[in-house]
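A structural walkthrough
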Amino acid sequence: MTVSAVMEALGYGCPDTGFAFSVAAHLFASLMPIVEFGSEEQKRRWLPALCSGERIAAHGITEPEAGSDVLNLRTRAERKGDHYVLHGSKCFTTNAPVADVFVVQAATDPGGGFFGLTAFIVEASTHGLSVGPTYDKVGLRGSPMADVHFDGCVVPAVDVLGAEGAGASVFSSSMKWERTCLFAAYLGAMRRVLESTINYAGEREQFGVPIGSFQAVSHRLVDMTLRLESARLMLYKAASGLARGSEDEIAPALAKLAVSEAAVQLGLDAVQLRGALGMLEGEAETLLRDALPSRVFSGTNEIQKNNIARALGLGANRRPARRR
Ligand SMILES: Cc1cc2nc3c(=O)[nH]c(=O)nc-3n(C[C@H](O)[C@H](O)[C@H](O)COP(=O)(O)OP(=O)(O)OC[C@H]3O[C@@H](n4cnc5c(N)ncnc54)[C@H](O)[C@@H]3O)c2cc1C
């Protein structure tokens, strides 16, 4: 609850949602897995500098051929005595251009489904790890992103996070944090833009009166408020579940759906209410550009619906059966 409130405040006070997003990728997809699954030695080694922000972390699971279908990723980790050798590439890795350390998912049992993945903590300076050029994105521009390549990258076995075969559990747990706390930053950004839009509607005059006095305008602002407040309630419900250690997968997925869809719609409405000014560079178009990727990362909204349907006991999307 506290972390969500802090992230909401960061989203409100920091006009660069990309920065808030990078902070969240560092905290919830990289640092929290070490808190929850790390050995005492891994926690001692990494947490102080990651908590202080002295060192930056990135999380790599997505690959060119494995986006939503993460269990079929191709990066291989082969055990050779007391170390593993990693081969493969990650894409869309937030913070990669500035990261000191990566939490990386690789297949230790290709085709092994949920139990075929293993998470590794890999220092950026490790021989065989390289980072590609920084992407040029339409939204979240303050958040640097790049590909990461592993070419015979040797990782000591003590740097396995959790246990061999536990990668998907590490990933699922970090996604619950992301789908809740990361999205709180969007609530803050939406509130900031809603407030400035209400102010604009009170000041901009057409036909001799403020445009906010036209019902079409004021009702749109009420709908924006309704969307924001509903999404906010769902997010804090998910946060309260996380705080109680709930295993519920539905609340974080619903929160992610509600906040991201509300953010896109609120961005569109904020642009529309500014008229031609909405087409110029400014906080309304920035919110819209920053909101679009929120329907994609942390599992696309379509995948959230699949997950929710599965959690509701609806058939076809069951997890593949354990093979061993
Ligand atoms: C801003 C941003 C930051 C990111 N940061 C990271 C990061 O730090 N680390 C990382 O590993 N990844 C990161 N990603 C990648 C992100 O996790 C993936 O983009 C996401 O999982 C979707 O994969 P994809 O882009 O390959 O889309 P695809 O999986 O190819 O999906 C394409 C379309 O098909 C739909 N689709 C696919 N399968 C199904 C299905 N079974 N049912 C219904 N619809 C389906 C999707 O919903 C989507 O609309 C980031 C992405 C963005 C946009």
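Scroll up to find the structure.
Below, the structure is looked at part by part. Everything numeric here is computed off the predicted structure, so don't read it as measured data.

**Notes on the packing of aromatic side chains**
- Following the criterion strictly, the structure yields eight aromatic pairs and no others.
- The interplanar angle of 90° and the centroid separation of 5.5 Å between the aromatic rings of Phe 92 and Tyr 135 together place this pair among those described as edge-to-face. Of this pair, Phe 92 sits in strand S3 (residues 83-94) while Tyr 135 sits in the loop between strand S6 (129-131) and strand S7 (145-156), and the two are 43 residues apart along the sequence.
- Among the residues examined, Tyr 135 registers a relative accessible area of 25% and is labelled partly exposed.
- An angle of 25° between the planes, with centres 5.8 Å apart, marks the rings of Phe 183 and Tyr 186 as stacked. With Phe 183 and Tyr 186 both in helix H4 (residues 167-203), this residue pair falls three residues apart, about one helical turn. Tyr 186 carries the same exposure label as Phe 183, and that label is buried.
- By the ring-pair criterion, three or more aromatic residues cluster together here, those being Phe 21, Phe 183, Tyr 186 and Phe 297.

**Comments concerning the state of the cysteines**
- Following the criterion strictly, the structure yields zero disulfides and no others.
- Cys 14 forms no disulfide, and the closest cysteine sulfur to it belongs to Cys 181, at a distance of 17 Å.
- Taking relative accessible area as the criterion, Cys 14 reaches 15% and is therefore assigned buried.
- Of all cysteine sulfurs, the one in Cys 181 lies closest to Cys 51, which takes part in no disulfide; the gap is 14 Å.

**So, the nonpolar core**
- In terms of nonpolar packing, the biggest core is built from 47 residues, with Phe 28, Leu 182, Tyr 186, Leu 187, Met 190, Leu 235 and Val 259 touching the most fellow members.
- Within the residue set of this core, elements represented by two or more residues are helix H2 (17-37), H4, helix H5 (215-243), helix H6 (250-273) and helix H7 (283-291).
- Element by element, the count of residues in this core is highest for H4, at 14 residues.
- Among the domains, domain 1 (16-164) and domain 2 (170-317) are the pair contributing at least three residues each to this core.
- The contact partners of Leu 187, leaving out residues within four places of it in the chain, are Glu 8, Leu 228, Ala 231, Arg 232, Leu 235, Tyr 236 and Val 259.
- The next biggest cluster of nonpolar side chains, apart from the first, holds 19 residues, and it includes Ala 58, Tyr 84, Cys 153 and Val 160.

Here is what the cut-offs are and how they apply
Residues numbered from 1 in each chain as written. Predicted model: local features only at pLDDT ≥ 70, side-chain atom pairs only at ≥ 80, totals over all residues. Heavy atoms only, no water. Phe/Tyr/Trp six-rings, centres within 6.5 Å; stacked < 30°, edge-to-face > 60°. Helix = DSSP H or I, 4+ residues; strand = E, 2+ residues; numbered from the N terminus. Buried < 20%, exposed > 50% of the residue type's maximum accessible area, 1.4 Å probe, protein only. Disulfide = S-S within 2.5 Å. Core = buried A, V, L, I, M, F, W, Y, C linked by side-chain atoms within 4.5 Å. Domains from an automatic or database assignment. Contact = heavy atoms within 4.5 Å.

Note that every value here comes from positions in space, so none of it alone points to a role or purpose.
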